[in-house]
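# Structure assessment
Okay, here's what each chain looks like letter by letter:
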Amino acid sequence: MKLTIKYRMENIDRKVKYIAKSVPAIDGAGVRLKRAFGNLRGVNLDPFLLLDDIHSNDPSDFIAGFPWHPHRGMETVSYLVHGKFEHEDSLGNKGTIKGGEIQWMTAGSGIIHQEMPVQYDGLIRGFQLWVNLPSKHKMMKPRYQDIKRAEIKDVAIDNSVSVKVLAGSYNGVSGPVRDIISDPTYLDIHIDQENTFEYEVPTDHTAMLYVLEGEGYFDKTREKLVGHDNLVVFDEGNRISMQTKDKDLRFLLMTGKPINEPVAWQGPIVMNTQDELRQAFGELQTGNFIKHEYRN
Ligand code: CO
């Protein structure tokens, strides 16, 4: 007789490991933004590198934009909640991204681009997430894609939770940003007040979130009510438990499998070694930076 042993995996609730408010920073040609994370000491967020939050209705904070600058060795996902930005690159691609839209760009072997606001009043709110590329893809052919609002699907749960799938998938619904090499999940989640939500995530994946609006508890200890502009990083486990009190909550959830490679990072260039960094900056000076021509 053959015995079949069934294993039932125990749920391990992830605990909140780290909470930090985003930090004011100036980037581009003088854009005042908030940096949720970027080169955080002692907190490993692999495969994610950086998350910037632009949030202002004062044009002097953002109008200078991000004029021509290079990138190599990483990918960016720009998600605009409100406002309008224009993108243009050295190889002739051009696109506009409006509220509710996404632009995804793989720098790969190298691009030179600019990202400029095309609005002079009103609220701008947008996020740029940097995702690392593994060594064998760092010098891949660059690519970029604009994603319209209608391509982003909303998954509603019990009328009290809604999940916009930006990248990866949730409840069988896939997001429009599909080919990010490290295959992360990126969700924009809204939970009504006085509600709970549980999210399953592979044990070995990095998991974190950034609160846009409202406040919530992010683990079962319910020790700390976390409000807007805070980054929350989770410990290991396979489930995240969230609970709201008397405010609706909106946050961006990011999960992904770590790449586990050395990171040599300077400004917009993210490689594995200092030699590769030196080479990249040398090529910028000598005009040999662009390796692949590409066009959409
Ligand atoms: Co850029």
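Counted according to the given criterion, the structure contains 21 salt bridges. Between Asp53 and Lys34 there is a salt bridge, and its shortest N-O distance comes to 4.0 Å. In this pair, Asp53 sits in strand β4 (residues 48-56) while Lys34 sits in strand β3 (residues 31-38), placing the two residues 19 residues apart along the sequence. Notably, a salt bridge pairs Arg125 with Asp53, separated by 2.7 Å at the nearest N-O pair.

Moving on, we get to the coordination of the cobalt ion. Looking at the cobalt ion, one finds its protein donor set to be His69 (NE2), His71 (NE2), His113 (NE2) and Glu115 (OE), positioned 2.1 to 2.6 Å from the metal centre. All donors of the cobalt ion belong to a single chain; written as a sequence motif, their spacing is H-x1-H-x41-H-x1-E. A residue pair is termed long-range when its members are at least 10 positions apart, and His71 in strand β5 (residues 66-71) and His113 in strand β10 (residues 111-117) qualify at 42 residues.

The next point concerns the sheet that holds strand β8 (residues 94-98). With respect to topology, 4 strands assemble into an open sheet ordered β5-β10-β7-β8, the strand pairing being antiparallel. Sheet topology places β5 and β8 at the edges, where each strand pairs with a single neighbour. Taking each pair of neighbouring strands and ignoring which way they run, the sheet shows an average axis angle of 20 degrees. Taken together, the 4 bridges between β5 and β10 define a ladder with antiparallel strand orientation. Looking at β10, one finds that Phe66 is bridged to Glu115.

Next up on the list: unusual backbone geometry. Residue Pro47 follows Asp46 across a cis peptide bond; omega there is 10 degrees. Mapped onto the fold, Pro47 is located in the loop between β3 and β4. Within the chain, Asn171 stands out as a residue other than glycine whose phi angle is a positive 50 degrees. Judged by relative accessible area, Asn171 falls into the exposed class, the value being 57%.

What follows is about helix α2 (residues 274-286). For α2, which comprises 13 residues, the first-to-last C-alpha distance of 18 Å matches the rise-based estimate of 18 Å (1.5 Å per residue) to within 8%. Turning to α2, its buried residues number three or more, namely Leu277, Ala280 and Glu283. Seen along its axis, α2 keeps its buried residues to an arc of 130 degrees; they face one direction. Turned more than 90 degrees away from the buried face of α2 sit Asp275, Arg278, Gln285 and Thr286, all of them exposed.

Turning next to the nonpolar core. Residues Phe37, Leu51, Phe127, Tyr186 and Met254 are the most contacted members of the largest nonpolar core, which totals 28 residues. Shared between two domains, this core takes at least three residues from each, and those domains are domain 1 (28-151 + 272-296) and domain 2 (153-261). Every residue in contact with Phe127, bar those within four places of it in the chain, is listed here: Leu51, Asp52, Asp53, Val77, Ser78, Tyr79, Val81, Tyr186, Tyr210, Leu212 and Leu252. Counting residues in hydrophobic clusters, the runner-up holds 24 residues, among them Val161, Ile189, Ile191 and Phe197.

Looking now at the domain arrangement of the chain. The domains assigned to the chain are domain 1 (28-151 + 272-296) and domain 2 (153-261). The C-alpha centroid of domain 2 is placed 23 Å from the C-alpha centroid of domain 1. Taken together, the contacts link 33 residues of domain 1 with 29 residues of domain 2. Carbon and sulfur atoms make up 68% of the area that domain 1 and domain 2 hide from each other, which totals about 2,700 Å². Together, Asp46, Phe48 and Tyr79 form the three largest contributors to the area buried by domain 1 at its contact with domain 2, with a combined 21%. One can count 2 salt bridges joining domain 1 with domain 2. Taking the shortest distance from any N to any O, the salt bridge between Asp229 and Lys34 comes out at 2.8 Å. Joining domain 1 to domain 2, the criterion identifies 12 residue pairs in polar contact (both at pLDDT 80 or more). Elements with a contribution of two residues or more to the side of domain 1 that touches domain 2: β3, β4, β6 (74-82), β9 (101-106), β11 (124-132) and β12 (143-147). If one sorts the elements of the side of domain 1 that touches domain 2 by residue count, β11 sits on top with 5 residues. Among the residues forming the side of domain 1 that touches domain 2, the class breakdown is 21 nonpolar, 5 polar and 7 charged.

Calculation criteria
Residues numbered from 1 in each chain as written. Predicted model: local features only at pLDDT ≥ 70, side-chain atom pairs only at ≥ 80, totals over all residues. Heavy atoms only, no water. Salt bridge = Lys/Arg side-chain N within 4 Å of Asp/Glu carboxyl O. Helix = DSSP H or I, 4+ residues; strand = E, 2+ residues; numbered from the N terminus. Donors = N, O, S within 2.8 Å, 3.2 Å for Na, K, Ca; no water. Pairing = 2+ DSSP bridges. Axes fitted to C-alpha atoms, helices over the stretch in contact; angles between N-to-C directions. Buried < 20%, exposed > 50% of the residue type's maximum accessible area, 1.4 Å probe, protein only. Expected span 1.5 Å × (residues − 1). Arc of directions from axis to C-beta. Core = buried A, V, L, I, M, F, W, Y, C linked by side-chain atoms within 4.5 Å. Domains from an automatic or database assignment. Contact = heavy atoms within 4.5 Å. Buried area = accessible area lost by both parts, 1.4 Å probe. Polar contact = N/O pair within 3.5 Å; in protein donor to acceptor, adjacent residues only side chain to side chain. Nonpolar A, V, L, I, M, F, W, Y, C, P; charged D, E, K, R; others polar.

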